[in-house]
Amino acid sequence: MGEVQKFDWVTSTASTLDWWREAGVDVAIAEEPRNWLAPAPVEASPRDVATPRSMPQPPAIAPRASVPMPTSLAAFDAWRRSDNAPDAHWPGKHLFAQGAPAAGLCVVVEMPEREDGDADMLMSGAVGKLFDRMLAAIGQDRSTIYLIPMCTARPGAGRIPDDSLNAIEAALRHHVDLASPRRVLMFGNAVSRALVGADIAQSRGALRPVNQNAGQQAPSIQAIASYHPRFLLERPAAKAEAWKDLLLLIQGIEL
């Protein structure tokens, strides 16, 4: 009889979810079944709901004012590490921007990989080895780029929660604006949506100006989306397209 095979369902399932997320599927399925043939519930009109006059109405709660983010890169980095950051209270290891803040090339990832916490660095393990080879192919390494995580910790589902998304997008745009690189390499749909307003499928193949929080574009900062090294490990055939993205990234510019 052969040896009993052990299969890591947790790792396999998480990897499958990541694959679909990179492919653009990011809508969760409800936990409970739904009867799609059931008639829609009829909402009661204000006339149907009696409110006793003697019952005091709760005071309106004013929306919480947003706190302006720091206007220098050093102060922003300190703010990003503080309890005021939108993902500050997420569980797990938090990893922050690494590399050279004044670099001409910025690389943005959605979040740390699962193994990054143990390695205490972004883009570690097999993913990191491929990432390093991609950088070397365009004459760069980790000391000559600025590597930014959109989220400093990895959510349990591997997807940014909806209630945190707007604040995290704003923080990323502000971070890139302060760093002011000449080019940005974007990995992941969430990053591409935050910086250029489109998924990878729409933003690949061309350099696009980065959006700013004021709703304007920064023509001096150009970005291109490409496939995450994790996706390339699972789909080696996509490496040819990723190479085209890297060539376009460095075209006509000295980084």
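Residue numbers restart at each chain and count upward from 1, following the sequence in its written direction. This being a predicted model, a pLDDT of at least 70 is required before a residue's local features are given, and a value of 80 or more before pairs of side-chain atoms are given or counted; all residues contribute to the totals for chains, interfaces and linings. Water and hydrogen atoms were dropped before computing side-chain values, which therefore reflect all heavy atoms in the structure.

> Now, about helix α9 (residues 239–250): what can you tell me, with residues and values included?
Helix numbers and strand numbers start at the N terminus; a helix is a DSSP run of H or I with at least 4 residues, a strand a run of E with at least 2. To estimate how far a helix should extend, the number of its residues minus one is multiplied by 1.5 Å. Along its twelve residues, α9 runs 17 Å from first to last C-alpha, staying within 8% of the 16 Å computed at 1.5 Å per residue. Structurally, α9 contributes buried residues whose contacts are with β2 (105–109), α4 (125–137), β4 (183–187), β6 (217–226) and α8 (229–234). Gly 252 sits one or two positions beyond α9 and adopts a positive phi of about 65 degrees. Here a residue-residue contact requires only that any non-hydrogen atoms of the pair lie within 4.5 Å.

> I'd like a rundown of helix α6 (residues 189–196), residues and numbers included.
Residue exposure (1.4 Å probe, protein chains only): buried if accessible area is under 20% of the type maximum, exposed if over 50%, otherwise partly exposed. Of all eight residues making up α6, seven are buried, and the element is well covered by its neighbours. Three or more residues of α6 are buried, namely Asn 189, Ala 190, Val 191, Ser 192, Ala 194, Leu 195 and Val 196. Just past α6, the residue Gly 197 takes up positive phi, approximately 75 degrees.

> Describe the pairing of β6, with residues and values.
Strands qualify as paired when DSSP identifies two bridges or more between them. The sheet contact formed by β4 and β6 spans five bridges and is parallel. Note on β6: the bridge partner recorded for Leu 185 is Ile 224. Taken together, the four bridges between strand β5 (residues 208–211) and β6 define a ladder with antiparallel strand orientation. Bridging across to β6, Arg 208 finds its partner in Ala 223. Linking two consecutive strands that pair antiparallel, namely β5 and β6, is a turn of five residues; a positive phi of about 85 degrees is found at Gly 215 within it.

> Go over unusual backbone geometry, please, and point to the residues and values.
Positive phi, normally seen in glycine, also occurs at Asp 120, with a value near 60 degrees. If you trace the backbone, Asp 120 turns up in the loop between α3 (116–119) and α4. Positive phi is not limited to glycine here, since Met 123 has a value of about 55 degrees. Note that Met 123 resides in the loop between α3 and α4. For Met 123, a relative accessible area of 1% translates into the label buried.

> So what's going on with the nonpolar core? Residues and values would help.
Nonpolar cores are built from buried Ala, Val, Leu, Ile, Met, Phe, Trp, Tyr and Cys residues. Side-chain atoms within 4.5 Å join them into one set. Core analysis: the biggest nonpolar cluster contains 28 residues, and Val 108, Leu 172, Val 176, Val 184 and Leu 195 have the highest contact counts within it. Those elements giving two or more residues to this core turn out to be β2, β3 (145–149), α5 (162–179), β4, α6 and β6. Of the residues forming this core, the biggest block, five residues, is contributed by α6. Beyond its immediate sequence surroundings of up to four residues, Val 184 is in contact with Cys 106, Val 108, Val 176, Leu 195, Val 210, Ile 221, Gln 222, Ala 223, Ile 224 and Leu 249. One finds Leu 130, Phe 131, Leu 248 and Leu 249 within the second-largest nonpolar core, a separate group that totals 24 residues.

> An account of the environment of Asp 199 is requested, with residue identities and associated values reported.
Tracing the chain through its elements places Asp 199 in the loop between α6 and α7 (200–203). Spatially, the C-alpha atoms of Asp 199 and Asn 189 are 5.1 Å apart, while their sequence positions differ by ten residues. Non-local contacts of Asp 199, meaning those with residues more than four positions away in its chain, are made with Asn 189, Ser 192 and Arg 193.

> So what's going on with the pattern of salt bridges? Residues and values would help.
Each salt bridge in this description consists of a side-chain nitrogen of Lys or Arg and a carboxyl oxygen of Asp or Glu lying within 4 Å of one another. Going through the model one piece at a time under the given rule, you end up with ten salt bridges. Among the salt bridges present, the one from Asp 87 reaches Arg 80, with a minimum N-O distance of 2.7 Å. Across the pair, exposure class does not vary: Asp 87 and Arg 80 are buried alike. Two residues, Asp 132 and Arg 142, come together in a salt bridge whose shortest N-O distance is 2.8 Å. Taken together, the residues span a long stretch of sequence, with Asp 132 in helix α4 and Arg 142 in the loop between α4 and β3 at a distance of ten residues. Judged by relative accessible area, Asp 132 falls into the partly exposed class, the value being 34%. What makes Arg 142 partly exposed here is its relative accessible area of 22%.

> Report on the sheet that holds β3, specifying residues and quantitative values.
Strand order in this open sheet of six strands is β1-β3-β2-β4-β6-β5, and the pairing throughout is mixed. With one partner strand each, in any of the chains shown, β1 (98–99) and β5 form the two edges of the open sheet. Bridge count for β1 against β3 is two bridges, and the pairing is antiparallel. Within β3, the residue paired with Gln 98 across the bridge is Leu 147. Sitting on the sheet, α4 touches β2, β3 and β4, and the angle it makes with β3 is about 145 degrees. Helix axes use the C-alpha atoms of the stretch in contact, all axes being lines fitted to C-alpha atoms, and the angles between their N-to-C directions lie in the range 0 to 180 degrees. Its contacts with the sheet place α5 against β2, β3, β4, β5 and β6, and it is angled at close to 165 degrees to β3.

Function cannot be read off these values alone, since they describe shape.
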